[in-house]
Structures are given as C-alpha cells and as structure tokens.
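Here is how the chains run, residue by residue.
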Amino acid sequence: MKKILWIICILSIALYAYTTHAQQKNEPKAQPQSKSIADGYGTVKWGSTYSDVKPNVQGRIAFTDEKRIIVTKDGELEYRYGFFYPEINQEANQQPKLFYVVIQFPYISLDDAKKKMEEKYGPPTGESIKNNQGAYIWESESTSIIVWVDSYEKKPFCRKITYLSKVMAKDINAYHNLVFSKKEQEILKQLKP
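A brief report on the enclosed structure follows. Numbering of residues begins from 1 in every chain and follows the order in which that chain's sequence is written. Two thresholds apply to this predicted model, a pLDDT of at least 70 for residue-level local features and 80 or more for giving and counting side-chain atom pairs, whereas whole-chain, interface and lining totals are computed over all residues. The side-chain figures draw on all heavy atoms in the structure; neither hydrogens nor water molecules are used.

We count a salt bridge whenever a side-chain nitrogen from Lys or Arg sits within 4 Å of a carboxyl oxygen from Asp or Glu. Inspection of every chain in the model, using the stated rule, returns 5 salt bridges. Here Glu 78 makes a salt bridge to Arg 80, at a shortest N to O gap of 3.0 Å. Like Glu 78, the residue Arg 80 is buried in the burial classification. Salt-bridge contacts for Lys 114 lead to Glu 118; the nearest nitrogen and oxygen are separated by 3.8 Å. Here the residue Lys 114 and the residue Glu 118 both occupy positions in helix H3 (residues 110-121), the gap between them amounting to 4 residues, near one helical turn. For Lys 114, a relative accessible area of 22% translates into the label partly exposed. Throughout this description, buried means an accessible area under 20% of the type-specific maximum (1.4 Å probe, protein chains only), exposed means over 50%, and partly exposed covers the range between. Secondary structure is summarised from DSSP: a helix means a run of H or I of at least four residues, a strand means a run of E of at least two, and numbering begins at the N terminus for each.

Now the structure itself:
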C-alpha cells in the first residue's frame, strides 16, 4: 500500500512540477483545459474527509486504511480512493483528505477508452505516447485525469485511469518540502562539532 501511495505522490509532484514549469515557460499562452471535469470524483470533492468519502464510494468496500485508502470493487472495476494525511505537525482534529482516485480494470483497447473519455471531457489536453506506451492527460484548474497506456503485442491498451487533485498535489509538494527540510535540519544539528 505504501508503495502505491508513494508512486501516486511522486506522479502528482512530477505532474504538478511539469504543469507549473509549462505554465511559467509559456506564460502568454493559456494552458488547454477540459471544461467538464469535476472538482473531485463522482459525488465527492477533492479534499473531502475520509468520513465524508466512505459512504459515497462506487461499488462495495473491499479494504480500508482510515489514514490512507479505501479500495472498492464493482464487477470488473476496482476503485482506489487515496487520502493525504500529514503525520508531522498535524493538528489534533486533522483528518485524511481525498487526493486521488484510481480506477483499474481488465485491459481494453486504447481507442475505446480514449473515445469514451473524449465523449465526456473533450480532446486530451496533453499526451506522452511513445511506442504505444505513456499517457493521455485531461486537465482543468483543479483536476488532472491520466489515462495510462500500455503496449501489448505492439498495440496500445488501457487498464488504469487516475483522477488527481492539482490543489492537493501542491499541498503535498509543500508538505514534502517541509518534511525533507526538517530532516536536513536535524542532520545538520548532528553534524555540529
């Protein structure tokens, strides 16, 4: 579970850094955005607490960790509702907040998955496809949607879609900077002669 959370965190930080860099580099140009993307997933908004999300998940609950994740299943679909819970400098009443949702399913044709996404969100706002691998991205001000592309027998397929809060990604990036700088300060204190 921790490995999945770290992968999502690293991806979100990389996505945030990439989008921020692209926006700074191309200041005069507006970043393309999909207009119909919600500020969350389904009926829950990004930043919603664990207790608010749990009764509103898709499918039946298969696993929970009250500080990190809710895993649900609905037929062939598996949903992972991921939460951010800072463990350093936390407030007494702070609760985990919804940060991402990952949907996994058996492999389907990329063309079918992309067509369904385009019907709902319009054309992708970005892509990084090479040798039938990579991702298509749809973005709004608050949400990034990543359709992951895998190559199988030299053909593109999809089996995972990630919905990610861009605002929470900024918060997590700031939190990681705080944690890493705190560790560096502790090491520097130990190095004093």
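This part is about the environment of Trp 148. Note that Trp 148 resides in strand E9 (residues 143-152). Considered as a pair, Trp 148 and Cys 158 are 10 residues apart in the sequence and their alpha carbons are 5.9 Å apart. In protein, a polar contact means a hydrogen-donor-capable atom and an acceptor-capable atom, both N or O and within 3.5 Å, with residues adjacent in sequence counting only if both atoms are side-chain atoms; elsewhere, any N or O pair within 3.5 Å suffices. Reaching out from Trp 148, the side chain makes a polar contact with the side chain of Thr 162 at a distance of 2.9 Å.

Two descriptors summarise a pair of aromatic rings, namely the distance from one centre to the other and the angle between the planes of the rings. Classification of ring pairs rests on two measures: the distance between centres of Phe, Tyr or Trp rings, Trp counted by its six-membered ring, which must be within 6.5 Å, and the angle between planes, read as stacked under 30 degrees, edge-to-face over 60 and tilted in between. Inspection of every chain in the model, using the stated rule, returns 8 aromatic pairs. Among the aromatic side chains, those forming a connected cluster through ring pairs are Tyr 41, Tyr 79, Tyr 81 and Tyr 163. Above the plane of the ring of Trp 148 lies Lys 160, whose end atom (NZ or CZ) is 5.7 Å from the centre. Any Lys NZ or Arg CZ that is within 6 Å of a ring centre and within 35 degrees of that ring's normal is treated as a charge sitting over the ring.

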